[in-house]
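Chains, contacts and geometry: an overview
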Amino acid sequence: MARDDSIPMAIMAQRLGRRFELSPAATDALIALPHSVRDFAPGQYLVREGTPARQSSFLISGFVFRQKIVADGGRQIVAIHMTGDFIDLQHIMLDQADHNIQALTSATLAQFPSEELLDLAFRFPEIGRALWLESLIEAATFREWVVNVGRRDAQARTAHLLCELATRREAAGLGPRFSYELPMSQEQLGDALALTSAHINRTLKRLEAAGLIERRQRSVTVADWAGLRRTGNFDPAYLHLEDLPD
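For clarity, every value in this text was computed on a predicted model and none was experimentally measured.

Counting secondary structure elements, the protein chain contains 8 helices and 10 strands. Computed over its C-alpha atoms, the radius of gyration of the protein chain comes to 18 Å, within 12% of the 18 Å expected for a compact globule of 246 residues. Counting only C-alpha atoms, the protein chain reaches 55 × 45 × 40 Å along its principal axes. For the protein chain, the exposed area adds up to about 12,100 Å²; of that, 53% sits on carbon and sulfur atoms. Across the protein chain, the mean location of the 27 positive side-chain charges is 7 Å away from that of the 31 negative side-chain charges.

Our focus in this paragraph is the sheet that holds strand β2 (residues 45–47). Pairing is antiparallel in the open sheet, where 4 strands are placed in the order β2-β6-β4-β5. Each edge of the open sheet is held by one strand with a lone partner, namely β2 and β5 (75–82). Along the sheet, successive strands turn relative to each other by an average axial angle of 30°, direction set aside. With 4 bridges connecting them, strand β4 (residues 63–69) and strand β6 (residues 100–103) associate as antiparallel partners. Residue pairing for β6: R66 is matched across the bridge by I101. Set on the sheet, helix α4 (residues 125–151) makes contact with β4 and β5; between it and β5 the angle comes to about 140°.

With that settled, consider the packing of aromatic side chains. Tallied over the entire structure, the rule returns 4 aromatic pairs. Ring centres 5.1 Å apart and planes at 65° place the aromatic pair F58 and F86 in the edge-to-face group. Taken together, the residues span a long stretch of sequence, with F58 in strand β3 (residues 55–61) and F86 in the loop between β5 and β6 at a distance of 28 residues. Each member of the pair, F58 as well as F86, is classed as buried. Measuring from ring centre to ring centre gives 6.2 Å for F234 and Y238, while their planes differ by 90°; the resulting arrangement is edge-to-face. A single burial state applies to F234 and to Y238, both of which are buried.

Before going further, it helps to examine helix α6 (residues 186–193). Quick reminder: α-helices carry 3.6 residues per turn. Residues three or four places apart thus point the same way. Counting buried positions along α6 yields 6 of 8 residues, so the element is predominantly enclosed. Turning to α6, its buried residues number three or more, namely Q188, L189, G190, D191, A192 and L193. Taken together, the buried residues of α6 touch β5, α4, α5 (154–171) and α7 (197–209). In the segment just after α6, A194 is the residue with positive phi, at about 60°.

About the cut-offs
Residues numbered from 1 in each chain as written. Predicted model: local features only at pLDDT ≥ 70, side-chain atom pairs only at ≥ 80, totals over all residues. Heavy atoms only, no water. Helix = DSSP H or I, 4+ residues; strand = E, 2+ residues; numbered from the N terminus. Rg over C-alpha atoms; globule rule 2.2 N^0.38 Å. Areas by Shrake-Rupley, 256 points an atom, 1.4 Å probe, with all protein chains shown as cover. Lys, Arg positive; Asp, Glu negative; His and termini not counted. Charge placed at Lys NZ, Arg CZ, Asp CG, Glu CD. Pairing = 2+ DSSP bridges. Axes fitted to C-alpha atoms, helices over the stretch in contact; angles between N-to-C directions. Contact = heavy atoms within 4.5 Å. Phe/Tyr/Trp six-rings, centres within 6.5 Å; stacked < 30°, edge-to-face > 60°. Buried < 20%, exposed > 50% of the residue type's maximum accessible area, 1.4 Å probe, protein only.

Take a look at the structure:
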């Protein structure tokens, strides 16, 4: 069956409409935005550091991550994005990518020319405000990640990331927070939390021994949500999600 590539833009318009009420004209303009829909395999690059950045993307399905590579080849994962997220709004204004973006799982994206989206942001102020708010929330999440890596111990930062992923998945309609498939290997978790794979393995085992989580391969069951939140010092306020259950 042929894929209806107008649906992703309607989903994107709905996402922005939850931030600010969009006029029918603004909604129609978003849905009519020239775009392409592309599928990416795990590990495939969406954006490479140092290359021209002329497109922005909306994640229709799957998970992707942002990363920086340092001189000795070490990698730091600086963000994880999931279904329903904008991936690279900064490329509306910046002409060159300053980091890499890769598919974490199989992923499908709607990609559109940055200039076209910028034009809509100026022609329809409600679109501009909604995109601005998306960028501000992303910046708030970046700040929390800096604090997590810089000021929490291994057990706290791991618990915090597990809480964040669970909360964001639930808010995105991907399933309950209490049981989910972790889309990351232990190596990738280590690169996100500035820990070695061995340290991640020991930390996950400690969280299990404490009765906070249960694991089966990459499946995570949160056995004690309140305890996991306390361990990770997790306060979801920085995610600015509406109607978030306790």
